[in-house]
Amino acid sequence: MSRTAVKRALISVYDKSNVVELARALSAEGVELVSTGSTAKLIEEAGVPVTPVESVTGFPECLNGRVKTLHPRIHAGILADRTKPEHVAELAELGVEAFDLVVVNLYPFAQTIASGATFEEAIEQIDIGGPTMVRASAKNHASVAIVIDPARYDEVVEAVKAGGFTGEQRRRLAAEAFAHTATYDAAVSTWFAQQVDGEDGAEAPLPGFVAGTWKRLDSLRYGENPHQRGAVYVNAGAGFGGREETGGLARAVQLHGKAMSYNNFTDADAALRAAYDHEEPCVAIIKHANPCGIAVADNVAEAHRKAHACDPVSAFGGVIAVNRPVSVEMAEQVAPIFTEVVVAPAFEEGALEVLSRKKNIRLLTVEPPSRGAIEFKQITGGLVAQDRDDVDAKGDDPANWQLVSGEAADEATLADLKFAWSTVRAVRSNAILLVKDGASVGVGMGQVNRVDSCALAVERANTLGGRETGDAAVDAGVGGASNADLRVNEPPRRSEGAVAASDAFFPFADGLQILIDAGVKAVVQPGGSIRDEEVIEAAKAAGITMYFTGNRHFSH
């Protein structure tokens, strides 16, 4: 497309990174510069010719800088569509010169509220003139190029030297500009709604208005199924209420393997959350959003052995997340097993080489996911929102549990109960988790009644341990790892002597009785059923320990 030469530019930036270099390069190409306040002063001090904006408007900056560019001589110069002869004639009649380039970035509103600033401080960081110039320039992209990102400055200089921006370049810059102001307005409007409706928290409602913007990071081959489109997005600005969501799977760095799929992302996110629910070295193996195994240990290799032993059949084609760097020993264990994704904060020297011998395995490094966030789920016609179920509620501390049956658990049993309760959040409801020695040994997930979940957890505990399938049955894999290394010596009935966690109360004693008959020695559950006494009596009759937590961990 034809280029429009840049003869006159307006520069008004809060972030002054490289702005002097930009001004010097533009001036060298004969571009007339108009600038505001401290930006103009910085350019002038660098010895670059610049016209202060008040010289154009004939009106001084006022109200502590609230009014600088809000003037017809500025905005007529930005908004005049020079493809229309009447606009060009009107500019001449008014004695207004047009701008070909506008360089603007905005006050740091999101960073201000994230820093804990006062209401008054936040108000002063709501930019008015900046977004107005950005939107005006983007609207009139047929005549004006708008640049909001200092990372674009090299492109600006190249375009000016080439005779100006093409129409396609201006259109792309305008799209970027509108996304920028939308993100800015989303942060302001959501924060302001919180001030009106009260800060979000246990005692206050969520705000009456929520806005957010997302930027496509990548297109995916397809969604859950080949006939569905798919893409992955990252939050384009501050998260809910101005809290920036750092870390997390969307910002992971892929080091090796095939491109991630939609299902890879959802499973890896479930695994990541599960692994980071624990302070000890933890490995979570997820398949179709449910755990095949989760374990903690003194090191990640041992944690992986224990997690894999829970359900080696389902671990085939699973996703692994680790809350510590992957060691060479763990990598050698994982290598013989068909695994879709491994997510970790890092890979120790040599571990990446071991796993990279498998061409397709996806290896990602990721920062820990944010805590304390609000999560949304789309429903037809709208969204539902809630506080993320981080495992740090009052009921997650055993010191706050109520012993309702049996003897108080000894130290080792209590540790397993705590692990089970912190882990059951990762299991889809109705959820029953059997645990032994810091590792899941049986998982009952996604059933429509708790009795079936109990039966499934017991069945899986007593039938799946130690079995292998597919290329996981290779006896001597990469680095000499063998399946024998991956098996934990378990009794025929792994449910015997295990502890159990239930994500919600037992509505009747029948589900608990299945666990009792399977040899479970201790149970942790929320309590709160109208038949709690019936359930407690069943536990007492069996002589097992049972605790009530007072809160639940549904995950639908």
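Since we're looking at a predicted model, the values are computed, not measured.

1. Quick notes on the overall build of the protein
Argument step 1. Helix and strand counts for the protein come out as 20 helices and 23 strands.
Argument step 2. For the protein, the spread of C-alpha atoms along the three principal axes comes to 95 × 55 × 45 Å.
Argument step 3. Restricting the contact set of the protein to residue pairs at least 6 apart, pairs at least 24 apart contribute 58%.
Argument step 4. Within the structure as shown, the protein displays about 25700 Å² of accessible surface, and the carbon and sulfur contribution to it stands at 51%.
Argument step 5. Seen as two clouds, the 52 positive and the 75 negative side-chain charges of the protein have centres 6 Å apart.

2. Observations regarding the sheet that holds strand S2 (residues 8-13)
Argument step 1. Spatially, five strands are ordered S4-S3-S2-S5-S6 in an open sheet, and the strand pairing comes out parallel. Two strands in the sheet have a free side with no partner beyond their single neighbour: strand S4 (51-52) and strand S6 (145-147).
Argument step 2. Here helix H8 (residues 129-139) sits on the sheet and contacts S2, strand S5 (101-105) and S6; the angle it forms with S5, its principal contact strand, is near 145°.

3. Examining the nonpolar core
Argument step 1. Formed by 44 residues in total, the largest nonpolar core has its most connected members in Leu-249, Ala-268, Ile-294, Val-341, Val-343, Leu-417 and Val-524.
Argument step 2. It is helix H11 (residues 262-275) that provides the largest number of residues to this core, a total of seven residues.
Argument step 3. Not counting residues up to four positions away in its chain, the partners in contact with Ala-268 are Leu-249, Met-260, Val-319, Val-341 and Val-343.

4. Here we look at the environment of Gly-317
Argument step 1. Here Gly-317 is to be found in the loop between helix H13 (312-315) and strand S13 (318-322).
Argument step 2. It is 29 Å that separates the C-alpha atoms of Gly-317 and Asn-235, two residues lying 82 residues apart in sequence.

5. Observations regarding the pattern of salt bridges
Argument step 1. Enumeration according to the criterion identifies 17 salt bridges in this entry.
Argument step 2. Of the charged contacts, one joins Asp-100 and Arg-82 as a salt bridge, the two residues approaching to 2.6 Å between their closest N and O atoms. You can see Asp-100 sitting in the loop between helix H5 (85-94) and S5 and its partner Arg-82 sitting in the loop between helix H4 (72-79) and H5, a full 18 residues away along the chain.
Argument step 3. The residue Arg-493 makes a salt bridge to Glu-496 at a minimum N-O spacing of 3.0 Å.
Argument step 4. Judged by its relative accessible area of 36%, Arg-493 falls in the partly exposed class.
Argument step 5. Several salt bridges share partner residues, and in doing so they unite Asp-269, Arg-273, Glu-375 and Arg-388 into one network.

6. Some words on the packing of aromatic side chains
Argument step 1. Following the criterion strictly, the structure yields eight aromatic pairs and no others.
Argument step 2. A ring pair is formed by Phe-109 and Trp-191, whose centres lie 5.4 Å apart and whose planes are at 80°; its orientation type is edge-to-face. Pair noted here: Phe-109 is in helix H6 (residues 109-114) and Trp-191 is in helix H10 (residues 167-197), with a separation of 82 residues, a long-range link.
Argument step 3. Taking relative accessible area as the criterion, Phe-109 reaches 1% and is therefore assigned buried.
Argument step 4. Of the aromatic side chains, those joined through ring pairs into one cluster are Phe-109, Phe-119, Tyr-184, Trp-191 and Phe-192.

7. A look at the pairing of strand S12 (residues 290-296)
Argument step 1. For S12, a buried count of seven out of seven residues is recorded, marking the element as mostly surrounded by other parts of the structure.
Argument step 2. Pairing of strand S11 (residues 282-287) with S12 involves six bridges; the strand directions are antiparallel. Considered in S12, the bridge of Ile-286 is made with Pro-291.
Argument step 3. Linkage of S11 to S12, two consecutive antiparallel strands, is achieved through a turn of two residues, within which His-288 is found at a positive phi near 50°.

8. Brief notes about the side chain of Ser-35
Argument step 1. Within the secondary structure layout, Ser-35 lies in strand S3 (residues 32-35).
Argument step 2. Assessed through its relative accessible area of 1%, Ser-35 is described here as buried.
Argument step 3. There is a polar contact of 2.7 Å between the side chain of Ser-35 and the backbone oxygen of Ile-11.
Argument step 4. Within polar-contact distance, the side chain of Ser-35 engages the backbone nitrogen of Ala-40 at 3.2 Å.
Argument step 5. The contact partners of Ser-35, leaving out residues within four places of it in the chain, are Ile-11, Ala-40, Ile-43, Val-50, Thr-51, Pro-52 and Val-53.

9. Considerations on a nonpolar patch on the surface
Argument step 1. There is a patch of nonpolar side chains on the surface, built from Phe-119, Phe-192 and Val-196 and spanning about 270 Å² of accessible area.
Argument step 2. With respect to the secondary-structure elements, Phe-192 resides in helix H10.
Argument step 3. Taking the relative accessible area as the measure of exposure, Phe-192 reaches 36% and is therefore partly exposed.

10. Brief notes about unusual backbone geometry
Argument step 1. Along the chain, Ser-429 connects to Asn-430 via a cis peptide bond; the corresponding omega equals -10°.
Argument step 2. In the Ramachandran plot, Ala-289 falls in the positive-phi region, its phi being about 70° despite a non-glycine side chain.
Argument step 3. Secondary-structure assignment places Ala-289 in the loop between S11 and S12.
Argument step 4. At Asp-437, a position not held by glycine, the phi torsion is positive, near 55°.
Argument step 5. Within the secondary structure, Asp-437 is located in the loop between strand S19 (432-436) and strand S20 (439-444).
Argument step 6. On the basis of relative accessible area, Asp-437 is assigned to the exposed category, the value being 56%.

11. With respect to the side chain of Arg-362
Argument step 1. As for its placement among the helices and strands, Arg-362 is situated in strand S15 (residues 362-365).
Argument step 2. Taking the relative accessible area as the measure of exposure, Arg-362 reaches 5% and is therefore buried.
Argument step 3. A distance of 3.0 Å separates a polar side-chain atom of Arg-362 from the backbone oxygen of Ala-259.
Argument step 4. Among the polar contacts listed, one links the side chain of Arg-362 to the side chain of Glu-340, at a separation of 2.7 Å.
Argument step 5. For Arg-362, the residues in contact, after removing those within four places along its chain, are Gln-254, His-256, Gly-257, Lys-258, Ala-259, Met-260, Asn-264, Glu-340, Val-341 and Val-342.

About the cut-offs
- Residues numbered from 1 in each chain as written.
- Predicted model: local features only at pLDDT ≥ 70, side-chain atom pairs only at ≥ 80, totals over all residues.
- Heavy atoms only, no water.
- Helix = DSSP H or I, 4+ residues; strand = E, 2+ residues; numbered from the N terminus.
- Contact = heavy atoms within 4.5 Å.
- Areas by Shrake-Rupley, 256 points an atom, 1.4 Å probe, with all protein chains shown as cover.
- Lys, Arg positive; Asp, Glu negative; His and termini not counted.
- Charge placed at Lys NZ, Arg CZ, Asp CG, Glu CD.
- Pairing = 2+ DSSP bridges.
- Axes fitted to C-alpha atoms, helices over the stretch in contact; angles between N-to-C directions.
- Core = buried A, V, L, I, M, F, W, Y, C linked by side-chain atoms within 4.5 Å.
- Buried < 20%, exposed > 50% of the residue type's maximum accessible area, 1.4 Å probe, protein only.
- Salt bridge = Lys/Arg side-chain N within 4 Å of Asp/Glu carboxyl O.
- Phe/Tyr/Trp six-rings, centres within 6.5 Å; stacked < 30°, edge-to-face > 60°.
- Polar contact = N/O pair within 3.5 Å; in protein donor to acceptor, adjacent residues only side chain to side chain.
- Patch = residues over 30% accessible without salt bridge, like charges linked within 9 Å, V, L, I, M, F, W, Y side chains within 5 Å.

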